[in-house]
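Given next are the chains, with one letter for each unit.
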Amino acid sequence: MSHGELPWKVDGYRNSELSSTNYKRQQSVREATRHAWAGYKKYAWGKDELQPVTQSSNLRWGDWAITLVDSLDTLKIMELEDEYAEAKEFVRSIRFDRSPAGYKVQFFEMTIRALGGLLGAYELDRDPMLLEKARQVGDSLAYAFDTATGLPTVNVDVNSKSKEYSSRICIAEAGTLQLEFKKLGQVTGDNKYTKYAERANEAIENGERKYKGLYPAFIDSDTGKFDSSAELSVGAMSDSFYEYHLKQHILHGGKEPKFMKRYITSVETVKEKLVKKSESGFTFIGKLVASESGFSDEMEHLACFYPGLLALGAKVLDRPQDLVLAEELARTCYTSYTMTPTGLGPERFGFKTKEQVNEYNKYVYPGSTRVFNDDGMGGVDSRYILRPETLETLFILYRVTGDPKYQEWGWNIFLAIEKHAKVEAGYAGVQDVYSESSTSNHIDAMESFFLAETLKYLYLLFSPTDVISLDEYVFNTEAHPFRIIK
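Along each chain, residue indices are assigned from 1 in the same order as the chain's sequence is written. The model is predicted, so local features are restricted to residues of pLDDT at least 70 and side-chain atom pairs to those at 80 or more, both for listing and for counting; the totals for chains, interfaces and linings are taken over all residues. Each side-chain value is derived from all of the structure's non-hydrogen atoms; neither hydrogens nor water enter the calculation.

Engineer: Quick question: what am I supposed to make of the pairing of strand β13 (residues 348-351) here?
Structural biologist: Every other side chain in a regular strand lies on the same face of the sheet, so the side chains alternate between the two faces. Paired strands, in this sense, are two strands between which DSSP finds at least two bridges. In this description a helix means any DSSP run of H or I spanning at least four residues, a strand means any run of E spanning at least two, and both kinds are numbered starting from the N terminus. Pairing between strand β12 (residues 298-300) and β13: three bridges, direction antiparallel. By the bridge assignment for β13, Glu298 is matched with Gly350. The pairing of β13 with strand β14 (residues 377-381) spans four bridges and is classified as antiparallel. Following the sheet pairing, Gly350 is matched in β14 by Gly378.

Engineer: Can you walk me through the environment of Glu327 in this structure?
Structural biologist: Note that Glu327 resides in helix α12 (residues 320-338). It is 23 Å that separates the C-alpha atoms of Glu327 and Leu232, two residues lying 95 residues apart in sequence.

Engineer: Help me understand the state of the cysteines in this model?
Structural biologist: In a disulfide, the sulfur atoms of two cysteines are held together by a covalent bond. The rule for a disulfide is simple: a pair of cysteine sulfur atoms within 2.5 Å. This model, assessed by the stated rule, comprises one disulfide. Between the sulfur of Cys304 and that of Cys333 lies a disulfide, 2.1 Å long from S to S. The sign of the -95° torsion about the S-S bond sets the Cys304-Cys333 disulfide as left-handed. Taken as a pair, Cys304 in the loop between β12 and α11 (306-317) and Cys333 in helix α12 lie far apart in primary sequence, 29 residues in all. The same class applies to Cys304 and to Cys333, which are both buried. Looking at Cys170, it has no disulfide partner, and the nearest cysteine sulfur is the one in Cys304, 19 Å off. Taking the relative accessible area as the measure of exposure, Cys170 reaches 6% and is therefore buried. Exposure is judged per residue with a 1.4 Å probe applied to protein chains only, and the accessible area is read against the type maximum: over 50% gives exposed, under 20% gives buried, and values in between give partly exposed.

Engineer: Even after reading the chapter, I still don't get the pattern of salt bridges, so can you show me in this structure?
Structural biologist: Proximity of charged atoms lets side chains of opposite charge pair with each other. Salt bridges are counted wherever a side-chain nitrogen of Lys or Arg sits within 4 Å of a carboxyl oxygen of Asp or Glu. The tally for this structure, following the rule as stated, stands at 42 salt bridges. The salt bridge partner of Arg34 is Glu83, with a shortest N-O separation of 3.5 Å. Of this pair, Arg34 sits in helix α1 (residues 20-44) while Glu83 sits in helix α3 (residues 81-91); the two residues are 49 residues apart in sequence, bridging distant segments of the chain. Here Glu86 ties to Lys41 by a salt bridge, and the two come within 3.0 Å at their closest N and O atoms. Here Glu86, found in helix α3, pairs with Lys41, found in helix α1; they are 45 residues apart in sequence, far enough to count as distant. One salt-bridge network, in which partners are shared between bridges, spans Lys182, Glu198, Glu202, Glu205, Arg209, Lys258 and Arg262.

Engineer: I would appreciate a short explanation of the packing of aromatic side chains in the present structure.
Structural biologist: How two aromatic rings sit relative to each other is set out by the distance from centre to centre and by the angle between their planes. Each Phe, Tyr or Trp ring, with Trp reduced to its six-membered ring, pairs with another whose centre is within 6.5 Å; inter-plane angles below 30 degrees give stacked pairs, above 60 give edge-to-face pairs, and intermediate values give tilted ones. Inspection of the entire model under this criterion finds 28 aromatic pairs. Here Tyr427 and Phe450 contribute two aromatic rings whose centre-to-centre distance is 5.1 Å and whose plane-to-plane angle is 45°, an arrangement assigned as tilted. A residue pair is termed long-range when its members are at least 10 positions apart, and Tyr427 in strand β16 (residues 426-427) and Phe450 in helix α16 (residues 448-461) qualify at 23 residues. Exposure class is identical for Tyr427 and Phe450. Each is buried. An aromatic cluster is built from Phe107, Phe145, Phe181, Tyr193 and Tyr196, whose rings are joined through pairwise contacts. The criterion for a charge sitting over a ring is simple: Lys NZ or Arg CZ within 6 Å of the ring centre, and within 35 degrees of the ring normal. Cation over ring: Lys276 sits above Phe295, and NZ or CZ is 5.1 Å from the ring centre. Lying over the aromatic face of Phe372, Lys352 brings its terminal NZ or CZ to 4.7 Å of the ring centre.

Engineer: Explanation requested: the sheet that holds β12 in the structure shown.
Structural biologist: Two pairing modes exist for strands in a sheet, parallel and antiparallel, and in both the strands are linked by backbone hydrogen bonds. The strand order across the open sheet built from three strands is β12-β13-β14, with neighbouring strands paired in antiparallel fashion. Each end of this open sheet is capped by a strand with a single partner; those strands are β12 and β14. Averaged over all adjacent pairs, the angle separating strand axes in this sheet is 30°, with direction ignored. Here an axis means a line fitted to C-alpha atoms, over the contact stretch when the element is a helix, while the angle between two N-to-C directions is reported on a 0 to 180 degree scale.

Engineer: Sorry, what's going on with unusual backbone geometry here?
Structural biologist: Glycine aside, the phi torsion of most residues is negative, and most peptide linkages are trans. Even without being glycine, Asp63 reaches a positive phi, approximately 60°. Its location among the elements puts Asp63 in the loop between β2 (56-58) and α2 (66-77). We note that Ala479 has phi near 70°; this positive angle belongs to a residue other than glycine. Note that Ala479 resides in the loop between β19 (473-475) and β20 (481-483).

In short, geometric facts, not functional conclusions.
This is how it looks when you write it as structure tokens:
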């Protein structure tokens, strides 16, 4: 395949499963992407992020044009060829071995967004320039591995080519690099990148912990010791670490069974320790708080990736019981959207008993919004920051089950985004999903993951199933597609 040519034949809608309705929906998502991209191009071109409310920009991620880099494969997949060509041409000018003086590059975010974004685009395009830029990112980030254990530090100074002093790192940061560095090793033929990934893998796995399948949220990159007092969860600070057990198994074409075993062990432990059912019947994933001093009956939007992971594992490993749980959890995550006046899901939501709801209602002022409904479910952190996790789950569940209800659920979320997050210059986060106010309810940020993940998963939800087939590709945690090594 020559570079620039997509690895599937593009000839419109040809799968019998797809209707004209789905085509129109797919194209609506494509137009939303054009709108978001136009705002970025007009007000933030070459900068890290668009601030759509003030129509300005920022250099939050070290002046690596991260929205542009993170969006490359989205533009390619959606066949926005003019936008893609212009973005790719700009990539030629980016120095990934430089950042503003004194700035510390975040290892985790730049691994999944910059390295992942360049590799994902290279997998679809095969332009050697993209691979060379990916290697430049990998080499800049590699200074973080200069520790006694091989676990990375949180930040790296790419200008001085040195790691950060602090050795405390969360497992999501320490354990969400393996797909990216292994893929870089494979496509460059340079095994040093693969060795970085493997050494970090084993350092985490060898750390002493109470439960074999549950890992404390923090580990020390110098000693390899877990912070035994840290919380146990699949949400913030831990989430994508658990994701990469299964995805490393998939990336290697099932040829390394240790990753399958680690995934299954973690799933069974999560089921036993973290999965609960509310009084009104909602299955959710909570967390064991510091030193297991209690169980939090709140679920994070971030944890809504987990039902999609279970569905993918059910498909790849033939674990039908996990698919049942995946669908129950997906219903909960979707309900976190439908329970709000805006139809957007909160950053965190919790569960109360009927007795607790009655007590709560005593303190709700007449005419004000009831956050907890009669089912005992309600928002705890009412922001929606354009997150993708629920849509990621709906995309995977549709691909695995073929059930069109997941397309309907995704479409309803898209309509809510269009109604409440769309602004003149792009899309903005929503401060309070319980408020339908059209003024003063926007957050002045359009995270790069909105283009990299949220819109991509929506587009693929309504696309033919051979467009980024799950039999041919595995997504990194930022939705960048890597070809399965066969």
